[in-house]
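Here is how the chains run, residue by residue.
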Amino acid sequence: MDAGYHLAYMAAVAAGGGAHLPGILANQQPEPPHMTGLDLEMTRMAQETVQETVSEEVFTTYKASVPTIPHAQPHPADIVEAGSLAAMALPPTDYPLVETILENVITSGKLSALQLEGVLYACTRHQMVLPNGCRAGFFIGDGAGVGKGRQIAGIILDNFARGRTRHVWFSISTDLKLDAERDLRDIGCYVKVIEGCQQLDRETKVFGLPPGFKEGVIFSTYATLVSSVQKGAGAATSRQSRLDQLITWCGGQDFDGCLIFDECHKAKHFIPGKEKNSTKVALAVATIQRLLPKARVVYCSATGVTDVKNMAFMERLGLWGKGAAFRDFEQFLEAIQRRGLGVAEMLAMEMKGSGMYISRGLSFRQAEFITVEVNLTPQQVKTYDMAAHVWNELRQALTSAIARTGTNNPRMWSTFWSSHQRFFKQLCMGMKVPAIVQEAKESIEKGYCVVIGLQTTGEASLECELSKHGGQVSGFVSLCKEIYSRFVHQHFPTYIQGQEEKEDFWCRSAKDLLLGFADKMDLPNSPLDEIIDQLGGPSCVAEMTGRRGRVVRKTLKSPPQYLLRDSDTTGDMDSLNIREKMCFMEGKKLVAIISDAASTGISLHADMRASNQRRRVHITLELPWSADKAVQQMGRSHRSNQSSGPLYKLVTTSLGGERRFAAAVARRLQSLGALTKGDRRAATGADLSEFNFDTPYGRTALRNMYYGICHGEMVAGVSLASVTHSKYEFGDFNCVMQECLTHMGVIEEGGGASVKDKDAGVVGRFLNRILGLSVERQNLIFRYFSECLNANIGAARREGRYNEGLVDITASSVDIVGDPREVFHGAHNGTNTTRHVVLSVDRGMDWDRALQRAKNHEKEKDGFYCSRREVRGRRLCILATQKENSTHLFKVARPNTGVSSFDEEISEILSRYSHVDTDVAEHGWKQQYEEASQHCIHGPNCKNGQACTVGSRCYRVSLLCGGIVTLMALLERTVAQFQVKLQLSKVECNLRVVRVELRDGRRIVGLRYPEVLIPLAEKAMEEQKIIQRFSQSQAFRTQPTILSNGMLALPSQTTLPPQPDNTTASAAIEPVCPIVRKYLSRATTPPVTIKSFFKPCSTIKRTTSEGTVAATKLLSQSDSKEEAAGQSKAKLTDSDQSSASQASQSSADSKEEASGQSKAELTDPDQSSASQASQSSAMHLPGTSQSGDDVETADQSQASLTSQTETTIDDLPNVNSAAESDVVVLSQESASTQSSSFDSENKSDTYNTSKDASAMEKLSIKRPLGTSSANRPAKRQKSQKSGTLMSMFQKTKKDEVSKLKRLTCPICSVVMKPGTTNGELNQHIDNCLIG
């Protein structure tokens, strides 16, 4: 609405009831105390907008859209997408992907429509060059089961077919190379996969790499990327980094192949500008992107990023830098983090709308989630309380020892608290072992199998214990005891500082006493070893971890002993884990334990191809520290092609502090869902929001609790009875809380009741430290914190400040008013634009919906109410329903405005309304509903007429759709500047991302923003640009230049100042490269194997592969001029240039193709055969073998070097006559071109119908002869000799004796010169065999 409309709206409110709107502004009390009941009701109606509810639709069934690819098959699994992302469509594209993907791959579903969509948009995105000169990258954020590997394979195939023959594929394990090869072969791509730089080292000879290793796909791990190799020998040795080796292999900065970063979350710890603080992997990933600016980068990960700061290495997305909305990554990070997860959700949607990001996932509908809380036994509570007391004594003794010895170790206390945390973490895990074992045994009895997930194995503590006892143990090891004893041994000071030989007696005595406590505590054994032992030992449990040894018992009666996990292994944990996995998948072991070492690349789901078809029960003994590891671990047991979905059991104890680990994962999972799934709850499908305390509301609640404890006050909105269950008076309760803070180290003992500023709002530290309290006190202080959090969230809800992420506008009907218009021109340099959409929302609630709502809420005070006073001759009706988990707050629904966004006290409702029966309320409700459809609540005589919308059913909602993230700072600043001047309500000032479904079924997602502020924000943006240009102009004019003589010179006033990078630069779109036929043929032709090598001939059925025929038809239909132009771009040099030229001259357009080929510089050793096979539009059909008449003398072969055929197209038989024979016998040389030959034969209209089938048997092709066997390509020699190799062992016929007497080579059929000796002949044969 414009300014006049808005002012009329405000005037209507004043005319209706005299409501003073300044009293409802954001930072003031919502209702002045002098308001009457009617005034308050009118004010409420003026504030109401539309009903908004938190979206319950987290996932939406995904349907891929690839209109440019006909016959695309749907994905076999149930795939979903986050509901917010589903409302954002991908941009249109016309990339010709169908030219390079074989038809049978599409029709058979080897690449589903969903996977083809990913390949299509990745190739489309790679045609864009960012303003900084680097090629744009693409992010595949698909989850497990979608097929990221096949999408990568499709991207590589398309690029290889267009002449880009070198690609690099990074992943986390060498074992995944087999998966990469499988994905490539599954889609009919036979590009060579090189096993990292190690294979390049092995294949490098004196003169460099052989031709077969100069192109293909290098599959490398991230560990290899950061390593180096020794180069040279003797004194000249040096080390070359693998990064430099890869850059050299790629060809330098002109490399335009693919850089695939699979599982790219391994590079998340990159800090721009502080590269020294980055991890080696992150730094190497960023470096190779910068050194190869033209490379086609693909980021691929099921988890993407766990935090915005981990996106720093994704520089090719173009979200920051030159020409982008954000100047650098720091500005981008600050803009997203300051505004929370709501903006992160919009960022994910904008990335999809720009065509740089897709994120689909396997549906979790088949999976079930259960949260299992383990109640501690009295003995466990006693053990825990004793451990907490011992650690408190250690803290006090350590404080005294530091003072007595004068120790000055700044890391002493950080080491103490880290050991403290690890101790209680292992203690919590150990106390959950009985429940885990019971759950596992019950699941196996029900016919299920069990997967137990944890992160830490405690191997470091186990090895320390072994080193103390000479590698022998007398029983199971307690990791808790080892952590405690090691800290006391290594860090408790006893010697006086500066007097190393003088030991303080008190410190020595205290240390001995503290060490004695370790034996008195009944601490649990190692959780991992205990679980394996109780579930049957290593013969029944498949352990997939990274530890080398474990403590096991060979029999139930034998003592535990330390053994290597596999005495036969060479220490390769990966191969050992694979063997354990196979035992589990084959059903030999029904329990699997996985740690972080096995969280990636191992599938443990109920695969329909595996023997073990039992349903998986996935029990989380230990929730991982990061969200990416949580998703990886959960994805091990939930994948596509499974017979049943898993049952997840998230096991926690009743200890409040133990929830710290669940809270850490929940925070990361929500952030992960916001960034890579579009909705914060969509990361895995598990609802962990109840464990999420590390939020802005949680930090505020913690500060309020600390303040109340230190100042002896109860936090406002928190009931003492709800916290203490009426066991404590406030004075005693507050003293207990102060003691707890002292034991946690939050406040100094005897140093005054004040919390350090650095600890005041750190929720994670609070949840860590309360682990060291006794069970009763730990739960008491945690309940206090939870109640403070609930009070804080409740206050935010009442004031309309609570950010619940994406919300749905619920209404009976929603329509678009007019056409959407583009706003904020020039704010975006990419494909995103910002559009202003105005919606007309019917927000009323009819009588039928009101009755249904009343039936769902039937508590004592729920029901219909009528106002005590009349308004213009009638009483107002409302429906009040009690909120869940509240005794005094109610939700109010009105017939004209629907469900209110405000919560009201029941006392306020009873002061203005009286409870009535349903029959009494029906007439008034229907009357109010009908009248509100035509005019406002003031009636038809309102002095503001149609401009007033107070209480009207039809409400206008203004949305900004499209590119919003970059404008958030401007939009927020405009609201803050004009909210008082324009008297905007709190609801209007609360910028919220909403989703609405129109009457025609379409969905719109946008930012709700007051319409009156849009022109003001646009004007502010233009003024900001003018100021920036002026300031840059002034800076340019006043900036002096230092001359060579040291003098300063001011620039000329007539010189134009440079424009800012972000306003002048724009992205460019490159044209699509044409297909190079020989590369497509090479990529889709299976390599020669040992079986095909020794076959004398190939018996090929007339029915060839549909995909190969379709590809050949497509290629033969392309224009010959484009072929010549495309071929002329390839730089090829080889001795077979003449044969390739003559092969192309035999086509229909011989002149044009010969012209194109003469421009080519041939380099490929396979050029000759490839040219004959794929470049000629009129394919020649090769014969079965060469007769004596076909053999030329050596002198003739050296002079001509031709590969002319004896027959022409006119000599070929009719297709129908050829079909009379079941098979056609081809020579081995022509095996690779059989599909093309048959396709050309089927298309030819010039066949001579008078030829019969016997003519086919007489066809033969002369072999191209060279000056020596060494000049021929190796592959062609193998193909030539394989046709006659087996004939050496056949019975010699009489008519062949004369040929042998002429000293003919049995391998290549070359007739030797007269006078050739047997030794020379044997040497020639050896060369043929070896070559």
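Note that the structure is predicted; figures quoted are calculated from it, not measured.

**Here we look at the overall build of the chain**
Argument step 1. The helix and strand tally for the chain stands at 49 helices and 43 strands.
Argument step 2. The long-range fraction of contacts in the chain, counting pairs at least 24 apart against all pairs at least 6 apart in sequence, stands at 75%.
Argument step 3. Accessible surface computed for the chain: about 59300 Å², of which carbon and sulfur atoms make up 51%.

**Some thoughts on helix α19 (residues 527-534)**
Argument step 1. The buried fraction of α19 amounts to 7 of the 8 residues, a majority that puts the element mostly inside the structure.
Argument step 2. For α19, every residue scored as buried is listed here: Pro527, Leu528, Asp529, Glu530, Ile531, Ile532 and Asp533.
Argument step 3. Structurally, α19 contributes buried residues whose contacts are with α15 (412-445), β16 (449-453), α17 (479-491), β19 (541-544), β20 (549-552) and β22 (591-594).
Argument step 4. Of the residues flanking the end of α19, it is Gly536, one or two places downstream, whose phi is positive at about 115 degrees.

**Considering the pairing of strand β34 (residues 954-962)**
Argument step 1. In terms of burial, β34 is largely enclosed, as 7 of its 9 residues are buried.
Argument step 2. Bridge count between strand β28 (residues 834-842) and β34: 9 bridges; the pairing is antiparallel. Pairing of Val841 across the sheet is with Tyr955, part of β34.
Argument step 3. With 2 bridges connecting them, β34 and strand β36 (residues 1003-1008) associate as antiparallel partners. Within β36, the residue paired with Leu959 across the bridge is Arg1008.

**Side note on the sheet that holds strand β2 (residues 59-61)**
Argument step 1. With antiparallel pairing, the 3 strands of this open sheet are ordered in space as β2-β3-β14. What marks the edges here is a single partner per strand, and that holds for β2 and β14 (361-362).
Argument step 2. Here 3 bridges tie β2 to strand β3 (residues 79-82), and the two strands are oriented antiparallel to one another. Pairing of Thr61 across the sheet is with Val80, part of β3.

**Some thoughts on the sheet that holds strand β15 (residues 368-374)**
Argument step 1. Read across the sheet, 6 strands follow the order β15-β24-β23-β16-β22-β19 without closing on themselves; strand pairing throughout is parallel. Taken across any chain shown, the strands that pair with only one partner, and hence form the sheet edges, are β15 and β19. Sheet twist, expressed as the mean angle between neighbouring strand axes with direction ignored, is 20 degrees.
Argument step 2. As defined by bridge partners, β15 adjoins strand β24 (residues 647-653) across 7 bridges and the pair is classed as parallel. Note on β24: the bridge partner recorded for Glu373 is Thr652.
Argument step 3. Each of β15, β16, β22, β23 (616-620) and β24 is contacted by α15, which is oriented at about 150 degrees to β24, the strand it contacts most.

**What to know about the side chain of Lys1078**
Argument step 1. Counting through the fold element by element, Lys1078 comes out in helix α36 (residues 1077-1084).
Argument step 2. Here the side chain of Lys1078 touches Tyr1079 through a polar contact of 3.4 Å, side chain to side chain.

**Considerations on the environment of Val217**
Argument step 1. Tracing the chain through its elements places Val217 in strand β8 (residues 216-221).
Argument step 2. Assessed through its relative accessible area of 1%, Val217 is described here as buried.
Argument step 3. On a C-alpha basis, the gap between Val217 and Val193 in space is 4.8 Å, while along the polypeptide they are 24 residues apart.
Argument step 4. Those residues within four positions of Val217 in sequence are excluded, and the remaining contacts are Ile156, His167, Trp169, Val191, Lys192, Val193 and Ile194.

**Overview of the environment of Gln199**
Argument step 1. Along the chain, the position of Gln199 falls in helix α8 (residues 196-203).
Argument step 2. Relative accessible area serves as the criterion here: at 14%, Gln199 is assigned to the buried category.
Argument step 3. Between the alpha carbons of Gln199 and Phe213 there is a distance of 9.2 Å; along the sequence they are 14 residues apart.
Argument step 4. What Gln199 contacts, discounting residues up to four positions off in sequence, is Val193, Ile194 and Phe213.

**Overview of the pattern of salt bridges**
Argument step 1. Per the counting criterion, the structure on display carries 35 salt bridges.
Argument step 2. With a shortest N-O distance of 3.1 Å, Asp504 and Arg404 are connected by a salt bridge. On the criterion of sequence distance, the pair formed by Asp504 in the loop between β18 (499-503) and α18 (505-520) and Arg404 in helix α14 (residues 378-405) is long-range, its members being 100 residues apart.
Argument step 3. Assessed through its relative accessible area of 11%, Asp504 is described here as buried.
Argument step 4. Residue Asp1000 is joined to Arg1002 by a salt bridge in which the shortest nitrogen-to-oxygen separation is 2.9 Å.

**Quick look at unusual backbone geometry**
Argument step 1. Its identity is not glycine, yet His71 carries a phi of approximately 65 degrees, on the positive side.
Argument step 2. Its place among the elements puts His71 in the loop between β2 and β3.
Argument step 3. What makes His71 exposed here is its relative accessible area of 55%.
Argument step 4. Even without being glycine, Ser726 reaches a positive phi, approximately 60 degrees.
Argument step 5. On the secondary structure map, Ser726 appears in the loop between α24 (720-724) and α25 (730-743).

**Notes on the side chain of Lys581**
Argument step 1. Tracing the backbone shows Lys581 in helix α20 (residues 573-585).
Argument step 2. Excluding its chain neighbours within four sequence positions, the residues that come into contact with Lys581 are Met544, Ile602, Ser603 and Leu604.

**Some details on the packing of aromatic side chains**
Argument step 1. Taken as a whole and assessed by the stated rule, the structure comprises 28 aromatic pairs.
Argument step 2. Relative to Phe332, the ring of Phe329 has its centre 6.0 Å away and its plane inclined at 40 degrees; by these criteria the two rings are tilted. Of this pair, Phe329 and Phe332 are both found in helix α12 (residues 329-339), 3 residues apart, which corresponds to roughly one turn of the helix.
Argument step 3. Judged by its relative accessible area of 5%, Phe329 falls in the buried class.
Argument step 4. What makes Phe332 buried here is its relative accessible area of 0%.
Argument step 5. Between Trp391 and Phe487 the ring centres are 6.5 Å apart and the planes differ by 35 degrees, which places this aromatic pair in the tilted class. Within this pair, whereas Trp391 is found in helix α14, its partner Phe487 is found in helix α17, the two being separated by 96 residues in sequence.
Argument step 6. Judged by its relative accessible area of 2%, Trp391 is buried.
Argument step 7. Taking the relative accessible area as the measure of exposure, Phe487 reaches 2% and is therefore buried.
Argument step 8. Grouped by ring-pair contacts, the aromatic residues Tyr384, Trp391, Trp413, Phe416, Trp417, Phe423, Phe424, Tyr484 and Phe487 constitute a single cluster.
Argument step 9. Here the basic side chain of Arg166 rests over the ring of Trp249, its NZ or CZ set 5.5 Å away from the ring centre.

**Here we look at the pairing of strand β31 (residues 889-894)**
Note on strand geometry: in a regular strand, side chains alternate between the two faces of the sheet.
Argument step 1. Counting buried residues in β31 gives 5 out of 6 residues, a clear majority hidden from the surface.
Argument step 2. Across 4 bridges, the pairing between strand β30 (residues 874-882) and β31 is antiparallel. Bridge pairing in β31 links Leu879 to Ala893.
Argument step 3. Bridge count between β31 and strand β32 (residues 898-905): 5 bridges; the pairing is antiparallel.

**Notes on the nonpolar core**
It is characteristic of soluble globular proteins that their nonpolar side chains tend to be buried jointly.
Argument step 1. Residues Leu259, Phe261 and Phe332 are the most contacted members of the largest nonpolar core, which totals 81 residues.
Argument step 2. Ranked by residues supplied to this core, first place goes to helix α13 (residues 341-353) with 7 residues.
Argument step 3. Non-local contacts of Phe261, meaning those with residues more than four positions away in its chain, are made with Phe170, Tyr222, Val285, Ile288, Gln289, Val297, Val298, Tyr299 and Cys300.
Argument step 4. Counting 49 residues, the second largest nonpolar core, distinct from the first, contains Cys123, Val146, Leu157 and Phe160.

**Brief notes about the packing of helix α23 (residues 696-710) against α25**
Argument step 1. Packing of α23 against α25 leaves a shortest axis separation of 9 Å and a crossing angle of 115 degrees. Of the two elements, α23 crosses α25, and the hand of that crossing is left-handed. Packed against α23, whose contacting residues are Tyr706, Gly708, Ile709 and Cys710, the element α25 presents Asn734, Met737, Gln738 and Leu741 at the interface.
Argument step 2. Of the residues assigned to the contact of α23 with α25, the class counts are 5 nonpolar, 3 polar and no charged.

**Observations regarding α23**
Side chains of residues three or four places apart in an α-helix project in the same direction, reflecting 3.6 residues per turn.
Argument step 1. If you check α23, its first and last C-alpha atoms are 21 Å apart, about what 15 residues at 1.5 Å a residue would give, namely 21 Å.
Argument step 2. Three or more residues of α23 are buried, namely Tyr697, Gly698, Ala701, Leu702, Met705, Tyr706, Gly708, Ile709 and Cys710.

**Quick word on the environment of Met585**
Argument step 1. Its location among the elements puts Met585 in helix α20.
Argument step 2. The class for Met585 is buried, based on a relative accessible area of 8%.
Argument step 3. Along the sequence, Met585 and Asp607 sit 22 residues apart, while their C-alpha atoms lie 8.2 Å from each other.
Argument step 4. In this structure, Met585 is in contact with Ser603, Leu604, His605, Asp607, Ala610, Ser611, Asn612 and Arg616, ignoring residues within four places of it in sequence.

**Things to note about the confidence of the model for the chain**
Argument step 1. Of all residues in the chain, 69% attain a pLDDT of 70 or more, and the chain-wide mean is 74.
Argument step 2. Every residue in residues 1-36 is under pLDDT 50, and counting partners more than four places away or in other chains gives 72 contacts.
Argument step 3. Under a pLDDT of 50 for its full length, residues 1042-1064 has, in the predicted model, 35 contacts with residues more than four places off or in other chains.

The rules we used
All chains use their own residue numbering, which begins from 1 and follows the written sequence. With pLDDT at 70 or above as the cut-off, local features in this predicted model cover only qualifying residues; side-chain atom pairs require 80 or more to be listed or tallied, and sums for whole chains, interfaces and linings still use all residues. Only hydrogens and water are set aside when side-chain values are computed; all heavy atoms of the structure are taken into account. Runs of H or I in DSSP of at least four residues are treated as helices and runs of E of at least two as strands, each being numbered from the N terminus. Any pair of residues with heavy atoms lying within 4.5 Å of one another is described as a contacting pair. Computed with the Shrake-Rupley method and a 1.4 Å probe, the accessible areas treat only the protein chains shown as cover for residues. Relative accessible area decides the class of each residue, using a 1.4 Å probe on protein chains only: under 20% of the type maximum gives buried, over 50% gives exposed, and in between gives partly exposed. A pair of strands is labelled paired if DSSP reports no fewer than 2 bridges between them. Only the stretch in contact is used when fitting a helix axis, every axis being a line fitted to C-alpha atoms; angles between N-to-C directions are given from 0 to 180 degrees. Polar contact is defined as a pair of N or O atoms within 3.5 Å, subject to the rule that within protein one atom must be able to donate a hydrogen and the other to accept it, and that residues adjacent in sequence are counted only when both atoms are side-chain atoms. Salt bridge, as applied in this entry: a Lys or Arg side-chain nitrogen positioned within 4 Å of an Asp or Glu carboxyl oxygen. For Phe, Tyr and Trp, rings pair up if their centres lie within 6.5 Å, where Trp contributes its six-membered ring, and each pair is then called stacked (planes under 30 degrees apart), edge-to-face (over 60) or tilted (otherwise). Both a distance and an angle decide whether a charge sits over a ring: NZ of Lys or CZ of Arg must be within 6 Å of the ring centre and within 35 degrees of the ring normal. What makes a nonpolar core is a set of buried Ala, Val, Leu, Ile, Met, Phe, Trp, Tyr and Cys residues whose side-chain atoms join them at distances within 4.5 Å. Less than a right angle of anticlockwise turn of the near helix away from the far helix marks a crossing as left-handed, whereas a clockwise turn marks it as right-handed. Each residue is assigned to one of three groups, with Ala, Val, Leu, Ile, Met, Phe, Trp, Tyr, Cys and Pro labelled nonpolar, Asp, Glu, Lys and Arg labelled charged, and all others, Gly among them, labelled polar. Residue count minus one, scaled by 1.5 Å, sets the expected span of a helix. pLDDT measures the predictor's confidence residue by residue and takes values from 0 up to 100.

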